[in-house]
Amino acid sequence: MDMNKKMKRGDFIMLMATGLVAVGLFLWTGSTNMFRRMARSDEAPLIAKIEKDRELIREIDLTKVTEREQIHLEDDNNVIIEVETGRIRFLNSDCRDNICINTGWLSQEGQNAVCLPARTVVSVV
Amino acid sequence: MSKHKRNAIIVILVTNAILISLLEFFVFIPLPIPGIKLGLANIITLLAIVFLNFRYVINVVVIRCLVVAVLTRGVLTLAFSLTGGVLSAIVMAILYKRFRRFFSIKGISIAGALVHNTTQITVAAFVLGQIVIFYYLPILLISAVVTGYITGSIGERVIDEMEEQGVLANR
């Protein structure tokens with residue numbers, strides 16, 4: 001077998017371009033969020049949006065939440081979203097990967113959790 | 001290549017692609033990032049590109065996507081698997097048939113994985129009506145390089161071995 005299968009010039013150019021795009025995007029989104037969080041005052045509302053099938057289902061000001069609440073979306077995936085003071089998360093979804101649940105609590109501007117099978121997005125803005 | 005031989009190759013590649021995809025779906029392979037998979041069927045797409053004409057490559061990919069979608073997540077996910085599968089196959093085929101001098105099989109496989117992941121997140125953005133999910137793009141690009149390299153290395157070895165043994169030769 002020919003083991004001398006070296007990577008070629010195009011490969012390296014592609015890898016470098018990919019690295020630049022990935023790092024660039026990462027720095028851009030990361031710094032935008034950082035500046036927004038730094039510019040935020042403590043009393044400012046922290047709005048969480050729950051969207052399903054491109055429609056806004058609920059908007060909650062997380063700073064005004066006083067007691068824990070569970071929001072049942074009553075859909076095919078039995079999505080349950082849990083809200084506490086200052087934070088929100090996916091508590092349950094019957095999808096396969098559970099990426100939405102594993103994302104955990106969202107408590108800062110710019111964070112979001114997505115359940116693609118349930119076409120549901122929770123974002124903090 | 002005779003018509004019968006060509007059809008036989010298509011059938012062999014399609015059945016293998018379906019089996020590999022199903023195996024990947026049912027056998028849990030722990031990867032550090034949830035939702036990421038190796039995309040082992042990409043190995044078969046690479047073989048198809050090397051040994052078949054362009055239209056038959058697309059046949060192999062489309063049939064695999066259809067069967068796997070019906071057997072696993074349902075036809076509703078076809079929007080994701082078909083767009084990603086077909087677009088990455090087109091890009092890999094063009095790179096292989098036109099720009100082979102500049103790209104290795106590993107590189108072509110990585111390019112396919114990059115196109116696949118970018119396409120899927122674009123489809124997801126349409127489905128969800130949310131641009132924000134492009135936040136995930138950097139992670140997806142980096143994992144595409146890793147998974148593309150792995151499937152590309154396997155594909156390269158298989159192609160070498162097949163050429164050496166004369167299997168699927170005289171195209």
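Above: the structure in question.
Residues numbered from 1 in each chain as written. Chains lettered and ligands numbered in written order. Predicted model: local features only at pLDDT ≥ 70, side-chain atom pairs only at ≥ 80, totals over all residues. Heavy atoms only, no water.

Engineer: I would appreciate a short explanation of the nonpolar core in the present structure.
Structural biologist: In summary, soluble globular proteins display a tendency toward joint burial of nonpolar side chains. Counting residues in each nonpolar core, the largest one holds 56 residues, and the members touching the most others are Leu13, Leu52, Val60, Ile108, Leu114 and Ile133 of chain B. Among the elements that make up this core, the one with the highest residue count is helix H5 (residues 105-128) of chain B (11 residues). Setting aside anything within four residues of it in sequence, one finds Leu52 of chain B in contact with Arg6, Ile9, Ile10, Leu13, Val57, Val60 and Lys97 of chain B. The next biggest cluster of nonpolar side chains, apart from the first, holds 21 residues, and it includes Ala48, Leu73, Phe90 and Leu106 of chain A. (Core = buried A, V, L, I, M, F, W, Y, C linked by side-chain atoms within 4.5 Å. Buried < 20%, exposed > 50% of the residue type's maximum accessible area, 1.4 Å probe, protein only. Helix = DSSP H or I, 4+ residues; strand = E, 2+ residues; numbered from the N terminus. Contact = heavy atoms within 4.5 Å.)

Engineer: Before we go on, may I ask you to explain the sheet that holds strand S5 (residues 87-92) of chain A in this structure?
Structural biologist: Residue and element names in this part refer to chain A. Reading across from one edge, S3-S4-S5 is the order of the three strands in this open sheet, with antiparallel pairing throughout. Unpaired on one side and paired on the other, strand S3 (69-72) and S5 mark the two borders of the sheet. Within this sheet the neighbouring strands show an average axis-to-axis angle of 25°, counted without direction. Judged from the four bridges that link them, S3 and strand S4 (residues 80-84) form a sheet pairing that is antiparallel. Paired with His72 across the strands is Ile80, a residue of S4. (Pairing = 2+ DSSP bridges. Axes fitted to C-alpha atoms, helices over the stretch in contact; angles between N-to-C directions.)

Engineer: Would you explain the packing of H5 of chain B against helix H6 (residues 137-165) of chain B in this entry?
Structural biologist: A packed helix pair is summarised by two numbers, namely the angle formed by the two axes and the spacing between the axes. All names here are of chain B. At a closest axis distance of 7 Å, the pairing of H5 and H6 adopts a crossing angle of 140°. When the axes of H5 and H6 are compared, the pair comes out oblique. Crossing of H5 over H6 shows right-handed handedness. Looking at the contact of H5 with H6 residue by residue, the class counts come to 12 nonpolar, nine polar and two charged. (Parallel < 35°, antiparallel > 145°, perpendicular 65-115°, else oblique. Left-handed = near helix turned anticlockwise from the far one by under 90°. Nonpolar A, V, L, I, M, F, W, Y, C, P; charged D, E, K, R; others polar.)

Engineer: Where do I start with the side chain of Glu84 of chain A in this structure?
Structural biologist: Residues and elements named next belong to chain A. On the secondary structure map, Glu84 appears in strand S4. On the basis of relative accessibility, which here comes to 15%, the residue Glu84 falls in the buried class. Contacts of Glu84, omitting those with residues within four sequence positions, involve Leu62, Val65, Arg68 and Trp105.

Engineer: When you look at unusual backbone geometry in this model, what are you seeing that I'm missing?
Structural biologist: For residues other than glycine, phi is negative in most cases, and the peptide bonds are mostly trans. Residue and element names in this part refer to chain A. Non-glycine residue Asp53 carries a positive phi angle of around 50°. Assignment of secondary structure puts Asp53 in the loop between strand S1 (47-52) and strand S2 (55-61). Assessed through its relative accessible area of 36%, Asp53 is described here as partly exposed.

Engineer: How should helix H1 (residues 3-26) of chain B be read in this particular structure?
Structural biologist: Because the α-helix completes a turn every 3.6 residues, residues three or four places apart line up on one side. The first and last C-alpha atoms of H1 of chain B sit 35 Å apart over 24 residues, in line with the 34 Å expected at 1.5 Å per residue. Buried within H1 of chain B we find Ile9, Ile10, Leu13, Val14, Ala17, Ile18, Ser21, Leu22, Glu24 and Phe25 of chain B. (Expected span 1.5 Å × (residues − 1).)

Engineer: Explain the packing of aromatic side chains to me, please; I cannot follow it from the model alone.
Structural biologist: For any pair of aromatic rings, the description consists of the separation of the ring centres together with the inter-plane angle of the planes. On inspection of all chains with the given rule, the structure shows one aromatic pair over all chains. Where Phe25 of chain B meets Phe26 of chain B, the ring centres are 5.0 Å apart and the plane angle is 90°; that geometry is what we call edge-to-face. Owing to a relative accessible area of 16%, Phe25 of chain B belongs among the buried residues under this scheme. Using a relative accessible area of 58% as the deciding quantity, one classes Phe26 of chain B as exposed. In this structure, Arg87 of chain A is placed above the aromatic ring of Trp105 of chain A, and the distance from its NZ or CZ to the ring centre is 3.9 Å. (Phe/Tyr/Trp six-rings, centres within 6.5 Å; stacked < 30°, edge-to-face > 60°. Lys NZ or Arg CZ within 6 Å of the ring centre and 35° of its normal.)

Engineer: How should the side chain of Thr18 of chain A be read in this particular structure?
Structural biologist: Mapped onto the elements, Thr18 of chain A comes out in helix H1 (residues 9-39). Not counting residues within four places of it along the chain, the set of residues in contact with Thr18 of chain A comprises Leu114, Leu141 and Val145 of chain B.

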